[in-house]
Structure formats: C-alpha cells, structure tokens
Amino acid sequence: MSFQTPITISDAIEKIDSNQFLLPAIQREFIWNHSKIEWLFDSIMRNYPISSFLFWKVEETTSKGYRFYKFINEYRERYKTHNEEISTNGISSFNGVLDGQQRLTSLYLGLKGSFGYKEYRRKWEDTEWSIPTRHLYLNISNELQDEEDGRIYEFSFLEKSETEESEIYKANEQKWFKVGAILNYTEDEVFDEFVEEFESSFSRKAIRQLRRTIMEKPIINYFLEKDQSLDKALNIFIRINSGGEPLNFSDLLMSIAVANWTKKDARKEIHKLVDSIRDKGFSISKDLILKSFLYLYSRDIKFRVTNFSKGNAKDFETEWEKIRDSILSTFDLIKTFGFTDYTLTSKNSVIPIIYYLYHKNIYRDYSIKIEFKEDRESIKKWLHIVLIKRVFGGTSDSVLSQIRRTFTNNVVEMKIKPEITSFPVNSIFNHIRKDTSVGDEFIEEVLFTQKDNQYAFSILSLLYPDLDYRNNNFHKDHIHSAFEFDNLEASDKESYRWHTYNSIYNLQMLDANENMSKSNMNLLDWVEKETNENNRTQFLNAHLIPDVDLSLNEYGNFHEKRKALLLYKMKTLLSEKTVSV
C-alpha cells in the first residue's frame, strides 16, 4: 500500500464518470443525508481537510471474479438508494473504493447528480410531490452569520421544480449558483468573463473559491492497495472501518456475506428482500435480515465480525431461499393482524416468529392455511402483549436469546425441540428474565394511551379481538364523540380533560361499516339505535361499554365504570397464564 499523488475533485468526478472509480460489492450503500452533504461542501470551501481515501487497484483478470457497482447519481430517499451493478468486461483496470465512498458519492451527487428527500408531513410515495428532485446550489448573495454548526457558505439542495436547473436561480432577493455548473468553466478566460458580470464582491469571491476548490486544488489524498486478493481487500476494509463511525457491524457482516457468496449476489438479494418487505408496508433495514440469520444459526446473535465467518456466510447462501421466504411469510402474517409500520413498534419482535416458521418448516402459506388458524391467533395475541409490555425495549439481544431457549438449548445441535407443535407462548414468557409482570399502575398508564399513539392499535386489538383485521376492516373510534368534548359539564371537563377523553378509556375498535354508521352520533342515541331490550346487554358487553346512564352529562360515572371494566379486562389479558387462546 502506498501514498499516491493527490488529485482534484474534478479529476475524481471524471474518474467516476469514466468508470475508473467503482465500488466493490463489500461496500455498503450511501447513507448520508442532505445536511451532511451540504456541510461537506462548506468544509472543502473553507480549506478544511476531509481525510484521506483508500483505493484498491483492480486488474482486469481480478475483476472477473467479483462484483462491482457504479456510484449512484440520482438518489431518492427510500426509493432509489441502490447502486447499479456494472460489467467490468473491457475495462483493463480501475480503482475500487475501500474507504471514502460516502464522501465521494456526496461530491458526485452535489456536482453531477440529484438528491431527493421526503417533504415534511407528506406520505411516503415515489412522486415529485412527496420526494422532490433537488440539485445542490450555493448562495452567492451573502455568507452565513453566527450559525450554530459553524458554516459560512450556504449550500442547499433546491427543488428542481423551482430552479428549473438554471445556472443562476433568484429567490427572495437571494442569488443561488448551481454547484455542478462550475465544471463547465474549464477555460480561465471564459470563467473570468462570467465572474466579472457579478456586482457583488461576495458573489465573485464565492464562485472563484468554488472553482479553486473543485478544479484546481489537489485535495483528494489517497492510498493505493495493489494486491489482487479480495481477502486482503476485505481484511483492510474491516480493519479501517470496524472502529470507525458511522459504519456499523451489520455493514461489515454484509461485506463478509457479499465477499463469500459464490453463486448469488448477496447485496442484490438482501436489498431486494428489504424492498419486498417495504412494498408490504413495513420499513426494515438489512440489519433485521442479518440478525435473523444469526438468530437462526449462531450461538451468539450479537453483531460481531467473529460471529460471521466464511463458513456461516456460505450457510447463509445455501439456506437463503428458505430464510428469505420465511421472513416474507412472517411479514405477510403480521399484515393480516392489521399492523402497519407505525404500529409494529419493535421489528425485533418478529424474529422469534421467523425462527418458529423457519425451523418448523411451515412458512409456506402459513398466513392462510386453515390448519394454522389457532396457532396464528396465539401468535397475534402474544405479539400484541410483548409490544404493549415493551419486552424488546433496550436489551433486545438478551431478550431474544432468552426466548430462543424456549425452542432449543443448543442451536448448533438441535434447531427446535420436537415436542413444540405450536407457537410456545407461555414457555416464552417463562424464559424471559425481564420483569414483565403487570400491576394496576402499569395498566392505568397503558389505558391513558392516546388515540393516535402507535401503541393504541395493539391495546385496542387485544380488547376487540374479533374484528376483520386481515382485510383492514376496522376503525378506532371515540365512544363519546370527539366533537362532544366541548359540551361536557364544566366539572367533568376539569376532572378528565382531553388527555383522558382521548385515551383508551373512551376509545373502542369498530367494524369500518359500524363506525361509519355511528359517525358523530352521541353515545346514548347510537346504543338506542343499535339495540333493543333483548340484545342490549350483549351489545354493551361486546363493545366493553358499562351498563350505566350513557348521556354526556353523566360522563364522570361512565368513565369510572369503564375504567374498572378495562382494568379488569387488561389485567386478565396481560396475565402470562392466560395468553393461550
């Protein structure tokens, strides 16, 4: 490994464009946000060092045995984050980037690409409305003053729909220069004529400094490794990154898998699985996939390089289709329970389910086969309970290991005990050493959960288990209408306030059609409309409504009676001895 003659940023950009800089498959994907990119450009404009880079000289004969990827040049948060694989046939030699990919990609996106990120409070969808395409611009009207983060030059990704990609964009008495346009000014005379057209001295200063930084100063300092062994390249990659930040161990484990899979493209397969689960409505990362593999096969499930050897990386490849399909089947199941990405409050909670379906070899069509109906109900109830109790909070690895002891005492010798014929709900709770007991204080806190809180779904689903959650045919509903809160008696409003009125104490889960029929009708009128003297008691019991005066001016009595009813119901439901169905 030797230190090489530094090059300019524009030289580096040209090498990326001409496929002289490529990314080996062991590299992770790009993860920086727009603010970090903007900060990087401010740093280089102020002559701050940006650390050295490490490249791997790859000869044509070596490249044929490995996969390489191009730099991404059109980034769209969540929807376009994967690098495109490139055939290296015909490329005599090139440099693979071992260290510095985040910085180089940031420079490339700022100068040659675009960066789309979601607008605040807009839903996730791959449209310009939700995720506008943006290009990097530099404010050439004035420098920043007294910024907490210390920035002087204001770089910002501005929306394409507003700038129309113009070289100079004017908005709110500010002038912005499209950063990538600086690459067009290679001739000194042409550049000088362009700069002198600006009246502002700051504009001239900023644009000249940008050109010096990008095209004149050789600030890309790099080391070059010429050994053609991938094992050595991987070893270097792990050594320089295992103590670094923000690369984490899951990235390193991914790199080891990528380097050791021989027939399949681990990177492509894992990312495709992540995307498939996202299409089902759940946002996960590769971490969950890698953690699931460790949970299925490794004694130690912690993210450690030593837990992911060449040997078990190959096991990962051999068993990949079954692992992939078990994970997909688990999320199909979770979706039939009515969960969304928001209400599935711990992704780690699905890992024991994956383990059960995988090692029992029952993952195919598990969510729809009649023979597993009772088993599914047990899993659903268990999942709601562990989420409500926050079982996986803080010490997930420890809890996961304890749960696995329900299935096996030694994962290497026996994957699952033969006597396990259904999901072992009660045995799981017996193996969890974390205090999961419930008392009145805990349950009262649970019942104060607000309507739009992410835990409200699990609580109400436990209380109202018989709705059509599979087809998403349910609505959360205020028993006493939300619109009637302002009409409460003054004493009731003072005693209970909106925080109580908007909590589980005054919420129910209804069939969607039933809720639309109820609409904003007051509780007394709704119950009288839906019942008669023969079915009133059954109706009230099914909806967990106390048999008291239901008029709004008797809200205080209603609340106290329903509180007692819910305390008893939740204590029964959350008791570990009554989990089975």
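Check the entry above for the structure.
The structure displayed is predicted, hence computed values, not measured ones.

**Student:** Please provide a residue-by-residue account of helix α18 (residues 440-447), values included.
**Tutor:** Every buried residue of α18 is listed here: Ile443, Val446 and Leu447. Buried residues in α18, looked at end-on, bunch into an arc of 95 degrees, giving them a common side. Exposed residues on α18 whose side chains face more than 90 degrees from its buried face are Glu441 and Glu445. Structurally, α18 contributes buried residues whose contacts are with α15 (373-388), α19 (456-463) and α24 (555-574).

**Student:** Tell me about the packing of aromatic side chains, residues and numbers included.
**Tutor:** One pass over the structure, following the stated rule, counts 44 aromatic pairs. Ring centres of Trp382 and Phe423 lie 5.2 Å apart, and the angle between their planes is 70 degrees; this geometry places the pair in the edge-to-face category. You can see Trp382 sitting in helix α15 and its partner Phe423 sitting in the loop between α16 (396-407) and α17 (425-431), a full 41 residues away along the chain. For Phe423, a relative accessible area of 4% corresponds to the buried category. Against the face of Tyr69 rests Arg267, its NZ or CZ located 4.2 Å from the ring centre. Taking the ring centre of Tyr455 as reference, the NZ or CZ of Arg390 above it sits at 3.5 Å.

**Student:** How would you explain the sheet that holds strand β12 (residues 174-178) if you had to name every residue and give the values?
**Tutor:** As summarised here, the arrangement of the 4 strands in space is β10-β9-β12-β11, forming an open sheet in which the pairing is antiparallel. Only two strands of the sheet have a single neighbouring strand rather than two, namely β10 (155-159) and β11 (168-171). Adjacent strand axes in the sheet meet at a mean angle of 40 degrees, parallel and antiparallel pairs treated alike. As paired elements, strand β9 (residues 134-139) and β10 share 5 bridges and run antiparallel to each other. The residue of β10 that forms the bridge with His135 is Leu158.

**Student:** Let's hear about the packing of helix α11 (residues 286-297) against helix α14 (residues 351-359): which residues, and what values?
**Tutor:** Closest axis-to-axis distance for the α11/α14 pair is 10 Å, and the angle between their directions is 55 degrees. Relative to α14, α11 is oriented oblique. Here the hand of the crossing between α11 and α14 comes out right-handed. Contact residues: α11 offers Leu288, Lys291, Ser292, Tyr295, Leu296 and Tyr297, while α14 offers Ile351, Pro352, Ile354, Tyr355, Tyr358 and His359. Among the residues making up the contact of α11 with α14, the classes are represented as 9 nonpolar, 2 polar and 1 charged.

About the thresholds
- Residues numbered from 1 in each chain as written.
- Predicted model: local features only at pLDDT ≥ 70, side-chain atom pairs only at ≥ 80, totals over all residues.
- Heavy atoms only, no water.
- Buried < 20%, exposed > 50% of the residue type's maximum accessible area, 1.4 Å probe, protein only.
- Helix = DSSP H or I, 4+ residues; strand = E, 2+ residues; numbered from the N terminus.
- Arc of directions from axis to C-beta.
- Contact = heavy atoms within 4.5 Å.
- Phe/Tyr/Trp six-rings, centres within 6.5 Å; stacked < 30°, edge-to-face > 60°.
- Lys NZ or Arg CZ within 6 Å of the ring centre and 35° of its normal.
- Pairing = 2+ DSSP bridges.
- Axes fitted to C-alpha atoms, helices over the stretch in contact; angles between N-to-C directions.
- Parallel < 35°, antiparallel > 145°, perpendicular 65-115°, else oblique.
- Left-handed = near helix turned anticlockwise from the far one by under 90°.
- Nonpolar A, V, L, I, M, F, W, Y, C, P; charged D, E, K, R; others polar.

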